[in-house]
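Here's the letter readout for the chains.
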Amino acid sequence: MITIRHERSADIPAREALLDQAFGGKRRRKTSERLRDGRLPADGLSLAAIDGKRVVGTARLWNIVCASGEAALLLGPVAVVADCRNRGIGAALVRHAVAQAGRLGHGAVILVGDEPYYSRFGFSATKTGSLRLPGPFERHRLLALELVPGALDHARGMVSASGKSAQKPQKRAA
């Protein structure tokens, strides 16, 4: 039986191995990674799918902001280990992530992905036409889901990271 829960620090090595398996060496060169690099995921929005004691899936959301000031979340990466795919785990992770984001009061979720897959969760390119990402991306793959109606009505410009820094503070010399 699969359980979805908040990610724990002990899950990190398995999560990283899973992401390497799912996306290969190119995963760190993706445009979305520029919005995650050096940042912590949004509070309460790092999820792990667990089968027994094994991490079989991951989904995380990241704080972002549009140049016009609208705050949102970036979903991704979402991945499932190869031998557990086509069992609905990825879909369960997306549903859980979106529901949790809504419970926490976030207004919208943006992602770069395949509309035929993500449209079943309500994502579309309807409100992303005026948004840009910090690097190359396929415009038709930039999708959004409003958790609060109208949250992206005036969203424009470059999307930037806005979450907490993953860098540890430097100790100051006495």
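Here the structure is shown first, and the text comes after it.
Residues numbered from 1 in each chain as written. Predicted model: local features only at pLDDT ≥ 70, side-chain atom pairs only at ≥ 80, totals over all residues. Heavy atoms only, no water.

**Q** Is there a simple way to explain the pattern of salt bridges in this structure?
**A** The full count for this structure, using the stated rule, is 10 salt bridges. Of the charged contacts in the structure, one is a salt bridge between Glu-16 and Arg-15, with a shortest N-O distance of 2.8 Å. Per residue, the accessibility class of Glu-16 equals that of Arg-15, and both read buried. Here Lys-164 makes a salt bridge to Asp-43, at a shortest N to O gap of 3.0 Å. Of the two residues, Lys-164 is situated in the segment after β8 (157-161) and Asp-43 in the loop between α2 (31-36) and β2 (46-51); the sequence distance between them amounts to 121 residues. Because the salt bridges share partners, they merge into one network encompassing Glu-7, Arg-15 and Glu-16. (Salt bridge = Lys/Arg side-chain N within 4 Å of Asp/Glu carboxyl O. Buried < 20%, exposed > 50% of the residue type's maximum accessible area, 1.4 Å probe, protein only. Helix = DSSP H or I, 4+ residues; strand = E, 2+ residues; numbered from the N terminus.)

**Q** Hey, could you run me through helix α1 (residues 12-23) in this one?
**A** Each turn of an α-helix holds 3.6 residues, which means side chains three or four residues apart point in the same direction. Taking 1.5 Å of rise per residue, 12 residues should cover 16 Å, and α1 covers 16 Å from first to last C-alpha, within 8% of that figure. All buried positions along α1 are accounted for by Arg-15, Glu-16, Leu-18 and Leu-19. Axial view of α1: buried residues confined to an arc of 160°, hence all on one face. Those residues of α1 that are buried lie in contact with β3 (54-66) and β4 (71-80). In the stretch just after α1, Gly-24 is the one whose phi turns positive, near 70°. (Expected span 1.5 Å × (residues − 1). Arc of directions from axis to C-beta. Contact = heavy atoms within 4.5 Å.)

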